[in-house]
Amino acid sequence: MPLPVPALPEGVDPAWLPPAAFRAVGGRRTLIRGSGPLVETVHGEVAEACRRFGGRVVREARPDGATYDLVLGLGADDLGDEGFSCARADGTTTVTASGGRGLLYGLFHVVRLGEAAFTGGWARQTHRPALDLRMLDHWDNVAVHPVMGQVERGYAGGSLFWADGRARGDLERVRAYGRLLAACGINAVAVNNVNVHETEAHLLTDRIHEVAAIADVLRPYGVATHLSVSFAAPVVLGGLPTADPLDEAVRDWWGEATRRVYEAIPDFGGYVVKADSEGQPGPFAYGRSHAEGANMLAAALEPFGGTVHWRAFVYNHRQDWRDRTTDRARAAYDHFVPLDGEFAANAVLQVKHGPMDFQVREPVSPLIGAMPRTRLAVEVQATQEYTGQQRHVCWLGPMWSEVLRFRHEPEASVGERARGGLVAVSNAGDDPFWTGHPLAQANLYTFGRLAWRPDADPCEVLDEWIGLTFPEAPERLSDGLHAALDGSWRTYEKYTAPLGVGWMVQPGHHYGPSVDGYEYSPWGTYHFADRDGIGVDRSVASGTGYAGQYAKPWAELYESPDTCPDELLLFFHHVSYGHTLHSGKAVIQHIYDTHFEGVAEVEEARRVWAGLADLVEPGRHARVAERYEEQLRSAREWRDQINSYFFRKSGVPDERGRRIY
Ligand code: BDP
């Protein structure tokens, strides 16, 4: 039975799959070959498109040798479960895959191509994802948390999965979400917060049927379900006196709990674990290593083919800020590099892309280059915790692409080292536009496509998103959207904390400027600005030694302020305000200039958006326009606070004589 296309609740934005995106596919004669649940998904999609646009779809070729415009079929045996090939000859476009997921991805490929998929003739091309795991971590709480709300760091309403303290009864929207994810290549989702509070801990055991219900609706889109679990579960849920990973009773408890999980969800993906981090329990309490902790869970999952994603975000958040020798940036490497080679084959170490915490600019984590014998997943943050919280436009494609193309050593890029996959903290919620800011949908889509092909050109992905979301857009609209998004990350960087120093945000919620908000706190996130200079000395020669965690040539390049790239200068060095950047400007003048420029760029983007009012559906246009007002207000606030702060610290006037308060 073809699976019907999910019906969106009234008022929910279709995101990148509006009906018009299927126009080229819908008007054809299509043959679908093969069987299995995902083939039914493909059939349902094509049938719906035909219903709208007048084509026809059949499951068996007619004996009279009738021809078809499009043939989608299972058959090829060399493409893995997710790959597909396509070709066009004699008026027929053929998509072949060896697995159901591949066929679904092939269909969405044809949808993206539009008319081009049915024009001329072209030779067989094959497509396969570079990374097997392309996952979203939802930081969703089942129950609303008194401080963090329902979705921790969520800026798009409540959870898509959970409402009123339990899994939603109506999961049609979750099904629609799975469909959107499949269309950009995402194949896994963790459905609850990495900070596992007590209510959520029960999802693993007595509430697993709620997770199973979610898994059931995501499965037809090829999306596997994962669960964040508490390392203390044997104590909290099992009543055992310990969660020591080497204790036999603890190991048995996990074995049995995991067996039951697979009974409920046979294709369950695995566990995500945040241990010994920001107050979460972990193996340190028992004098055990993180490899011992991870391997215990890996052993429980192994018989069922599951994976444990063990997060490397481990650092001391209660450090003495008076001690300049401690450095949070060093923590992940110091904790995990000694464990390289000790993790089980189905344990993946999930590493944040930078050494700190999703700032607008950080160097690439040195850990990613230093664990050749460990399966690594790289984690990025689609939810814009530090990048404007979906009130600011900040398209992160170029940042992620820089990370993925970075080479610690010539042999392999980050995209190639991420053998355990690419993971993003999701930015979606039950908001009608999915992501709060309608243009933040571009981040979700871009993430999926970069996870499929880490060396893709992010600008091409952006245009793909524009084409798929606004399929009938006249050029003025596509150009306007492109202009608003492309470059928005650098704009955001310009008006916020300068030159890689990070963190000048309001503590707690992390929105808006607070020049010294974290400066005298135990979180380890300092800029060390005084009357003479600014920045953190992370050199080996005179600082914390962090620069030495990189292989050559990076260790040498970052070690000296003369060779360190401008955009990371204050991450690696404490320099005077008069220090000359490679750009030729003094640091202080760079700060003033970029802050004025950043605001001017937001004003320009707002103007461009206002000029598109006649081309964008009014609700969407209004939502974006309203957010531009807030972005501009906030950007001006950033500019004025940052510039005034550094003017007062340094006493150096702006050489262009602009007003600084
Ligand atoms: C930080 C967030 C915090 C998360 C933490 C994490 O502020 O809410 O719990 O990361 O990644 O960015 O675990």
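Residues numbered from 1 in each chain as written. Predicted model: local features only at pLDDT ≥ 70, side-chain atom pairs only at ≥ 80, totals over all residues. Heavy atoms only, no water.

**Brief notes about the UniProt feature "domain: Glycosyl hydrolase family 67 catalytic" (unreviewed entry) in the chain**
UniProt annotation of "domain: Glycosyl hydrolase family 67 catalytic" (unreviewed entry) refers to residues 125-434 when read in the numbering used here. Span residues 125-434 is 26% helix and 19% strand, its end C-alpha atoms 33 Å apart. (UniProt positions renumbered as here; feature names shortened; annotations may be inferred. Helix = DSSP H or I, 4+ residues; strand = E, 2+ residues; numbered from the N terminus.)

**Quick notes on the site of the ligand**
Near the ligand lie 14 residues; those nearest to it are Glu-152, Lys-274, Arg-311, Lys-352 and Glu-385. In the model, an oxygen atom of the ligand is placed 2.7 Å from a nitrogen or oxygen of the Asp-357 side chain. Protein burial of the ligand: of its 320 Å² of free accessible surface, 97% is covered by the chains. Each residue belonging to the shell around the ligand can be placed in one class, and the counts come to four nonpolar, two polar and eight charged. (Near = heavy atom within 4 Å. Polar contact = N/O pair within 3.5 Å; in protein donor to acceptor, adjacent residues only side chain to side chain. Areas by Shrake-Rupley, 256 points an atom, 1.4 Å probe, with all protein chains shown as cover. Nonpolar A, V, L, I, M, F, W, Y, C, P; charged D, E, K, R; others polar.)

**Here we look at the environment of Leu-615**
Mapping Leu-615 onto the fold places it in the loop between α19 (587-610) and α20 (618-650). By relative accessible area, Leu-615 is classed as partly exposed at 27%. Separated by 138 residues in the primary sequence, Leu-615 and Leu-477 place their C-alpha atoms 6.7 Å from one another. Apart from residues no more than four positions distant in its own chain, Leu-615 is found in contact with Pro-474, Arg-476 and Leu-477. (Buried < 20%, exposed > 50% of the residue type's maximum accessible area, 1.4 Å probe, protein only. Contact = heavy atoms within 4.5 Å.)

**A look at the side chain of Asp-340**
Within the element layout of this structure, Asp-340 appears in the loop between α10 (331-336) and β16 (347-352). Buried Asp-340, no salt bridge; nearest opposite-charge side chain is Arg-373, N-O distance 4.0 Å. Within the structure, Asp-340 has its side chain in polar contact with the side chain of Thr-374 (distance 2.5 Å). Leaving out residues up to four positions away in the same chain, Asp-340 has contacts with Ala-370, Met-371, Pro-372, Arg-373 and Thr-374. (Lys, Arg positive; Asp, Glu negative; His and termini not counted. Salt bridge = Lys/Arg side-chain N within 4 Å of Asp/Glu carboxyl O.)

**Brief notes about the pairing of strand β13 (residues 224-228)**
Summarising burial for β13: five of the five residues are buried, a large majority. Along β13, one buried face is formed by Ala-224, His-226 and Ser-228 and the opposite face, lined by Thr-225 and Leu-227, is buried too. Inspection of the sheet shows strand β12 (residues 188-190) paired to β13 by three bridges, in the parallel sense. When the bridges of β13 are listed, Ala-190 appears paired with His-226. Summarising the sheet, β13 and strand β14 (residues 270-273) pair through three bridges and their orientation is parallel. By the bridge assignment, Ser-228 is partnered in β14 with Val-272. (Pairing = 2+ DSSP bridges.)

**Some points on a negative patch on the surface**
Residues Asp-457, Glu-460, Asp-463, Glu-475, Asp-479 and Asp-486 make up a contiguous surface patch of negative charge. Counting residues per element, the ones that place at least two in the negative patch are α14 (458-469) and α15 (475-485). On the secondary structure map, Asp-457 appears in the loop between α13 (441-452) and α14. (Patch = residues over 30% accessible without salt bridge, like charges linked within 9 Å, V, L, I, M, F, W, Y side chains within 5 Å. Charge placed at Lys NZ, Arg CZ, Asp CG, Glu CD.)

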